[in-house]
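Summary of structural features
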Amino acid sequence: MVKKKKVIAILIAYNAEGTLKEFYKSLPKHLFDEILLFDDASQDDTSKISQSLGILTYKNKFNLGYGGNLKKALVTALSKGADIIVDIHPDNEYKSTAIAGALEEVQKGSELVVGNRFSSLSYIAQKSGMFIWKIIPILLLNTISGFFLKININDFHQGFRVYTKSLLKKINFEENSNNYIFSFELITQAQMVNAVISEVPVETSYVGKKRGAGFTSSVNYTLSTFKVIFMYLTAGLGAKYKIFKRPDQNLNHRITKLTKQYNL
């Protein structure tokens, strides 16, 4: 008898009190065995609202950064026996309609599924709320990323992901950065171990501050992207980097070590 795979949703949150209720209402809760929210030291009532909705909530005592909070979320989900981990933000930026399709890709054999905001450029330009001036630079960065990494996906730099235990066992994700470049580093790690990567269309809604990072943040992220691509290429030639180091294959040992680190 085939064991049913455990699916856990991780909600990476920071100051999400204004969107959390609406997001949770639209979330296809029947697709998950558990739903966990990780509040990265928000300065609002994110945790209070999350708990009122019946979500198991973890609040950091201090801000870990996007990547740091995501590491904690992945370790927690793995410690709870997750086979599949759905990473979607409760700020309602990414629509939960992509989840069912992403889980289907996992059933077909994918070890990492990412969202693709650009499956419909007309939607992006007219309805997503993304600044028009941001579309061309993001598409260019995606093209460069795809060219050097040799991965047949179209959107490397967005926030909807589905991870599998089989992938996380093979990559040293705990050595990744604590900022937003974490997610791109993880894609390069997945490619380094020849994981099966696929994508699904994802609709977005950028409003207010969510319409895009500032110029300085965008430049820093772009430079970090080029740095990671350089590391990936040179690692293939023998250079040594922590993020591409072969991890302990006993995932339980790693989980035990990391749960102590995060006081879980």
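Before any of the text, the structure's been laid out above.
A brief structural summary. Note that the structure is predicted; figures quoted are calculated from it, not measured.

**Things to note about the packing of aromatic side chains**
One pass over the structure, following the stated rule, counts 6 aromatic pairs. When the ring of Phe-38 is compared with that of Tyr-58, the centres are 4.9 Å apart and the planes differ by 5°; the resulting orientation is stacked. With Phe-38 in strand S2 (residues 34-39) and Tyr-58 in strand S3 (residues 56-59), this residue pair connects regions lying 20 residues apart in the sequence. Per residue, the accessibility class of Phe-38 equals that of Tyr-58, and both read buried. Arranged with centres 4.7 Å apart and planes meeting at 20°, the rings of Tyr-66 and Tyr-180 form a pair that is stacked. Taken as a pair, Tyr-66 in helix H3 (residues 65-79) and Tyr-180 in the loop between helix H7 (165-170) and helix H8 (182-192) lie far apart in primary sequence, 114 residues in all. Residue classification places Tyr-66 among the buried positions, given a relative accessible area of 11%. Above the ring of Tyr-24, the side-chain terminus of Lys-29 is found at 4.5 Å from the ring centroid. Directly above the ring of Phe-147 sits Lys-150, whose terminal nitrogen or CZ lies 4.5 Å from the centroid.

**Some points on unusual backbone geometry**
Phi is positive for Asn-15, which is not a glycine, with a value near 50°. Its place among the elements puts Asn-15 in the loop between strand S1 (7-13) and helix H1 (20-26). A residue is classified by how much of its surface remains accessible, and Asn-15, at 34% relative accessible area, is partly exposed. In this model, Ala-41 sits at a positive phi of 60°, which is unusual for a non-glycine residue.

**Remarks on a nonpolar patch on the surface**
Together, Phe-215, Val-219, Leu-223 and Phe-226 give the surface a local cluster of nonpolar side chains, amounting to about 410 Å² of exposed area. Summarising the element assignment, Phe-226 is placed in helix H9 (residues 215-235). Take Phe-226: its relative accessible area is 38%, and that puts it in the partly exposed class.

**Considerations on the environment of Lys-21**
Position of Lys-21 among the secondary structure elements: in helix H1. Taking the C-alpha atoms as reference points, Lys-21 and Lys-134, 113 residues apart in sequence, are found 29 Å from one another.

**A few points about the pattern of salt bridges**
The final tally for this structure, using the stated rule, is 7 salt bridges. Between Glu-111 and Lys-170 there is a salt bridge, with its nearest N and O atoms 2.8 Å apart. Pair noted here: Glu-111 is in the loop between helix H4 (99-107) and strand S5 (112-116) and Lys-170 is in helix H7, with a separation of 59 residues, a long-range link. For Lys-170, a relative accessible area of 28% gives the class partly exposed.

**Considering the pairing of S2**
Burial runs high along S2: 5 of the 6 residues are buried. Relative to S2, S1 runs parallel, the two being bridged by 6 bridges. Bridging across to S2, Ile-12 finds its partner in Phe-38. Each parallel crossover has a hand, and the one from S1 via H1 to S2 is right-handed. In this structure, S2 lies alongside S3, joined through 4 bridges in parallel fashion.

**Examining the side chain of Arg-117**
Relative to the assigned elements, Arg-117 resides in the loop between S5 and helix H5 (121-126). Classification of Arg-117 by relative accessible area gives buried; the value is 5%. A distance of 3.1 Å separates the side chain of Arg-117 from the backbone oxygen of His-157, its partner in a polar contact.

**Brief notes about the packing of H3 against helix H10 (residues 251-261)**
H10 packs onto H3 with a crossing angle of 125° between their chain directions and a minimal axis gap of 10 Å. Judged on the interaxial angle alone, H10 and H3 are oblique. For the crossing formed where H3 meets H10, the hand is left-handed. Facing H3, whose interface residues are Val-75, Leu-78 and Ser-79, H10 presents Leu-251, Ile-255, Leu-258 and Thr-259. Class assignment for the residues of the contact of H3 with H10 results in 5 nonpolar, 2 polar and no charged.

**Focus: H3**
With 15 residues, H3 should reach 21 Å at 1.5 Å per residue; the first-to-last C-alpha distance of 21 Å fits that figure. Of all 15 residues making up H3, 14 are buried, and the element is well covered by its neighbours. With its phi angle positive at about 90°, Gly-81 sits one or two positions after the end of H3.

**Regarding the sheet that holds S3**
Read across the sheet, 7 strands follow the order S3-S2-S1-S4-S6-S5-S7 without closing on themselves; strand pairing throughout is mixed. In this open sheet, the two strands that pair with only one neighbour each are S3 and strand S7 (197-201). Across this sheet, the average inter-strand angle for adjacent strands is 20°, counted without regard to direction. Two strands pair when backbone bridges link them, and S5 and S7 are joined in this way by 5 bridges, in the parallel orientation. Along S7, the bridge assignment pairs Asn-116 with Pro-201. Strand contacts of H3: S1, S2, S3, strand S4 (84-87) and strand S6 (161-164), with the helix running at about 155° to S1, the strand carrying the most contacts.

The rules behind the values
Residues numbered from 1 in each chain as written. Predicted model: local features only at pLDDT ≥ 70, side-chain atom pairs only at ≥ 80, totals over all residues. Heavy atoms only, no water. Phe/Tyr/Trp six-rings, centres within 6.5 Å; stacked < 30°, edge-to-face > 60°. Helix = DSSP H or I, 4+ residues; strand = E, 2+ residues; numbered from the N terminus. Buried < 20%, exposed > 50% of the residue type's maximum accessible area, 1.4 Å probe, protein only. Lys NZ or Arg CZ within 6 Å of the ring centre and 35° of its normal. Patch = residues over 30% accessible without salt bridge, like charges linked within 9 Å, V, L, I, M, F, W, Y side chains within 5 Å. Areas by Shrake-Rupley, 256 points an atom, 1.4 Å probe, with all protein chains shown as cover. Salt bridge = Lys/Arg side-chain N within 4 Å of Asp/Glu carboxyl O. Pairing = 2+ DSSP bridges. Right-handed = clockwise from strand over helix to strand, strands pointing away. Polar contact = N/O pair within 3.5 Å; in protein donor to acceptor, adjacent residues only side chain to side chain. Axes fitted to C-alpha atoms, helices over the stretch in contact; angles between N-to-C directions. Parallel < 35°, antiparallel > 145°, perpendicular 65-115°, else oblique. Left-handed = near helix turned anticlockwise from the far one by under 90°. Contact = heavy atoms within 4.5 Å. Nonpolar A, V, L, I, M, F, W, Y, C, P; charged D, E, K, R; others polar. Expected span 1.5 Å × (residues − 1).

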